[in-house]
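Architecture at a glance
Single-letter residue listing:
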Amino acid sequence: MTGTVRLGDLAHARSGDKGNHANVGVIAYTQAGFDYLRKMLTETRVAEYFLPLKPRAVERFELPGILALNFVLYDILAGGASRSLRIDSQGKTLGPAILEMLVPAPENIDVMRKPR
Amino acid sequence: MAYHDGYTASGTLVLSGRNAERNARQAAETIFARLQQAGYCYTRTNVECVGAGDSLPGIWPRSSDVWEVLLRVSVHDSSREAVERFASELAPLVTAGPPGVTGYANARPRPRPVLAYWPTTISRESVSPVTIVKPAREWLT
């Protein structure tokens, strides 16, 4: 194992709001990538990554049939769509943001990348 | 349940040139200093430099060589008058603020009522259903 890779090297992501909570869906490109993310991308890790935005809690849901992990970030939107003063009141930027997380490079990274 | 939760307004200006972000933050401080002098303070305020990483503050990497930012300043308060006063404080920065301020052609920001939501359940016995139909403008007076 050498160095790190971007989460975006092995998955894509999309996010959005529900009230003052947001969810971030992380979808692996391959089964190998999903198996790796399932081990590595824990609730704690995601909570630490988004700490500057002060989520109250993070809960992970697994969707193995579509190689996806869905993270619900509670009370992360500073009031939600109706009350938030942020330009991103819907949490749409959280998806692109999580893909910039650096994770330890797995040995079989080449089979996890987006298939051509 | 939806409920009326005061007023909000957001205004934007573009600041350009060297130190665009620093100038934008200084401009925002000036706005709130002037409001404070006039006796106004707000329940919540927010200052964002869009283009410098503020769509996710603390997450996106910061860059020092940003040559333009969209300064977005927002307030929330129960007083409509206070929010209106805030809205009138952006324009002076165009002529009396730092050079290179632009993007102000959309007139002053307009205060809007905040309709907040309280997701909850209420037992059936506590509620007597009533139906009222009237135009939207009459709900907020």
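This text goes with the structure placed above it.
A quick note: this is a predicted structure, and the numbers were derived from the prediction, not measured.

The next point concerns the overall build of chain A. Within chain A one finds 3 helices and 6 strands. Along chain A, helices (α) and strands (β) appear in the sequence β-β-β-α-α-β-β-α-β when read from the amino end. In terms of C-alpha radius of gyration, chain A reaches 14 Å, essentially the compact-globule figure of 13 Å for 116 residues. Across its three principal directions, the C-alpha atoms of chain A cover 45 × 30 × 25 Å. When the 116 residues of chain A are sorted by exposure, 47% land in the buried category. The contacts in chain A between residues at least 6 apart in sequence include a share of 64% that link residues at least 24 apart. Working note: accessible area of chain A is about 5900 Å², and carbon and sulfur atoms make up 53% of it. Put simply, chain A has 15 plus and 12 minus side-chain charges, and the middle of one group is 5 Å from the middle of the other.

Moving on: the packing of aromatic side chains. Residues and elements named next belong to chain B. Under the criterion given, the structure shown has 3 aromatic pairs over all chains. Between the aromatic rings of Phe 32 and Phe 86, the centroid separation amounts to 6.3 Å while the plane-to-plane angle is 15°, which identifies the pairing as stacked. One end of the pair, Phe 32, is in helix 1 (residues 20-37); the other, Phe 86, is in helix 2 (residues 80-87), and 54 residues separate them in sequence. Three or more aromatic residues joined by ring pairs make a cluster, and in this case those are Phe 32, Tyr 42 and Phe 86.

The extent of an interface is frequently quoted as the accessible surface area lost upon association of the parts. Counting residues at the interface gives 17 residues for chain A, matched by 22 residues for chain B. Contact between chain A and chain B buries roughly 1500 Å² in total, counting both sides, with carbon and sulfur atoms accounting for 64%. When residues of chain A are sorted by the area they lose upon contact with chain B, Arg 83, Leu 85 and Ile 87 of chain A head the list and together hold 47% of the total. Our enumeration of links across chain A and chain B arrives at 1 salt bridge. Of the charged contacts in the structure, one is a salt bridge between Arg 83 of chain A and Asp 5 of chain B, with a shortest N-O distance of 2.6 Å. With 3 residues, helix 3 (residues 94-98) of chain A is the single largest residue contributor to the side of chain A that touches chain B.

A few words now on the environment of Leu 73 of chain A. All names here are of chain A. One can find Leu 73 in strand 5 (residues 68-74). Placed 15 residues apart in sequence, Leu 73 and Asp 88 show a C-alpha to C-alpha distance of 15 Å. What Leu 73 contacts, discounting residues up to four positions off in sequence, is His 21, Ala 22, Val 24, Phe 50, Pro 55, Ala 57 and Val 58.

By size, the foremost hydrophobic cluster in this structure holds 35 residues, and its most contacted members are Val 26, Leu 37, Leu 41, Phe 50 and Ile 98 of chain A. Contributions of two or more residues to this core are made by strand 2 (11-18), strand 3 (21-28), helix 1 (31-40), strand 5 and helix 3 of chain A. When residues no more than four places from it in sequence are discounted, the contact partners of Leu 37 of chain A are Leu 7, Leu 10, Ala 11, Val 26, Ala 28, Arg 60 and Leu 69 of chain A. If you look at the next biggest cluster of nonpolar residues, it comprises 25 residues, including Leu 35, Tyr 42, Val 69 and Val 75 of chain B.

Next up on the list: helix 1 of chain A. All names here are of chain A. Residues of helix 1 that are buried: Gly 33, Phe 34, Tyr 36, Leu 37 and Met 40. Viewed along the axis of helix 1, the buried residues span an arc of 165°, placing them on a single side of the element. Lining the buried residues of helix 1 we find strand 2, strand 3, helix 2 (43-49), strand 4 (57-63), strand 5 and strand 6 (102-104).

Rules used in this analysis
Residues numbered from 1 in each chain as written. Chains lettered and ligands numbered in written order. Predicted model: local features only at pLDDT ≥ 70, side-chain atom pairs only at ≥ 80, totals over all residues. Heavy atoms only, no water. Helix = DSSP H or I, 4+ residues; strand = E, 2+ residues; numbered from the N terminus. Rg over C-alpha atoms; globule rule 2.2 N^0.38 Å. Buried < 20%, exposed > 50% of the residue type's maximum accessible area, 1.4 Å probe, protein only. Contact = heavy atoms within 4.5 Å. Areas by Shrake-Rupley, 256 points an atom, 1.4 Å probe, with all protein chains shown as cover. Lys, Arg positive; Asp, Glu negative; His and termini not counted. Charge placed at Lys NZ, Arg CZ, Asp CG, Glu CD. Phe/Tyr/Trp six-rings, centres within 6.5 Å; stacked < 30°, edge-to-face > 60°. Buried area = accessible area lost by both parts, 1.4 Å probe. Salt bridge = Lys/Arg side-chain N within 4 Å of Asp/Glu carboxyl O. Core = buried A, V, L, I, M, F, W, Y, C linked by side-chain atoms within 4.5 Å. Arc of directions from axis to C-beta.

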